[in-house]
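Residue-level structure breakdown
What follows is each chain in one-letter form.
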Amino acid sequence: MINPKKIFKLALISMMAVLILAGCGGEKTSGDGKGKDVLAQIKDRGKIIVGVKNDTRLFGLKNPSTGKVEGFDIDIAKALAKEILGDENKVQFKEVTSKTRMPLLQNGDIDAIIATMTITDERKKEVDFTDVYFDAGQSLLVKKGSKITGIQDLKKGTKVLAVKGSTSAINIREKAPDTTVLEFENYSEAFAALKSKQGDALTTDDAILYGMVDEDPSYELVGGTFTKEPYGIAVKKGNKKLVDELNKALKKLKDSGKYQEIHDKWIKN
Ligand code: GLU
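What comes next is a walk through the structure.

Each value, and the rule that gives it
- Residues numbered from 1 in each chain as written.
- Predicted model: local features only at pLDDT ≥ 70, side-chain atom pairs only at ≥ 80, totals over all residues.
- Heavy atoms only, no water.
- Pairing = 2+ DSSP bridges.
- Helix = DSSP H or I, 4+ residues; strand = E, 2+ residues; numbered from the N terminus.
- Axes fitted to C-alpha atoms, helices over the stretch in contact; angles between N-to-C directions.
- Contact = heavy atoms within 4.5 Å.
- Parallel < 35°, antiparallel > 145°, perpendicular 65-115°, else oblique.
- Core = buried A, V, L, I, M, F, W, Y, C linked by side-chain atoms within 4.5 Å.
- Buried < 20%, exposed > 50% of the residue type's maximum accessible area, 1.4 Å probe, protein only.

1. Regarding the sheet that holds strand E13 (residues 219–222)
With respect to topology, five strands assemble into an open sheet ordered E11-E10-E12-E9-E13, the strand pairing being mixed. Both edges of this open sheet fall to strand E11 (180–184) and E13, since each of them pairs with a single strand only. Ignoring strand direction, the axes of neighbouring strands in this sheet form an average angle of 35°. Looking at chain direction, strand E10 (residues 159–163) and strand E12 (residues 201–205) are connected through two bridges and run parallel. Looking at E12, one finds that Leu161 is bridged to Leu202. Sheet strands in contact with helix H6 (residues 167–175) are strand E9 (138–143), E10, E11 and E12, and its direction is about 85° off that of E9.

Structure, rendered in structure tokens:
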């Protein structure tokens, strides 16, 4: 005969075991999803996984003939890999958009975001940022000859194109509350929509808009900048060691002239 008391005891023990294990799981995900801080994971695997744009000329654009991504953010990521891991090839790139970059970081799919991302107080609640590594500002792109010459012309009845998950989509509603804002998944879709006249202007950072002018000079920036968009590298919250390491590496790039070299290669305006 099985002793009912024994069964109860056994059930109690297994329940406790489950609770303890679940507790451990909680601990594990608190830092980085895998039990170690992200910097330790990067060093263990010998490469850093960076989320970058694939459709943003000058910052992160996939070259169809090589299949490789190219741009300012890409070169910064490579230079950081060289500083931290001793080899600029010890970096793996994963595509992000403005909308997907935060979830991909939180899931642990990427270690860091280097993707035209503005440091904001709102975002600081969810991720940690390094020091500023690039200064941009929001502006407007229109077809040359357009009647729109600045945000003052974005009135009722005008349509502005923006990208989901960007600060630009939020800022433009505040600065031009009467205009209609249409949001797209990424910058190539938004620019294609401007070209097919689905909107009167496209809004995002000046540095990104210059990349579009580079692609098609029949478009131009108008009205100057109306926000400040300081770019930072984002990492999962609570990874101070990684932020410190990235800041140290960024400083070295600035001190050595490497940062300036990368800047001058991509940024002409
Ligand atoms: N820098 C702005 C942002 O972080 C606009 C560029 C982008 O969409 O990545 O939202």
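After that view of the structure, there is still more to cover.
2. Here we look at the packing of helix H2 (residues 38–45) against helix H9 (residues 240–256)
Viewed as axis vectors pointing N to C, H2 and H9 meet at an angle of 65°, and their least axial separation amounts to 7 Å. Judged by the angle between their axes, H2 and H9 are roughly perpendicular. Here Val38, Leu39, Ile42 and Lys43 of H2 come into contact with H9, specifically with Lys241, Leu242 and Glu245.

3. Here's the deal with the nonpolar core
Counting 52 residues, the largest nonpolar core has Phe72, Leu80, Phe134 and Leu202 as its most contacted members. Looking at which element gives the most residues to this core, the answer is helix H3 (residues 72–85), with nine residues. Excluding its chain neighbours within four sequence positions, the residues that come into contact with Phe72 are Leu58, Phe59, Tyr133, Phe134, Tyr259, Ile262, His263, Trp266 and Ile267. Counting residues in hydrophobic clusters, the runner-up holds 13 residues, among them Leu154, Ala162, Ala176 and Val181.

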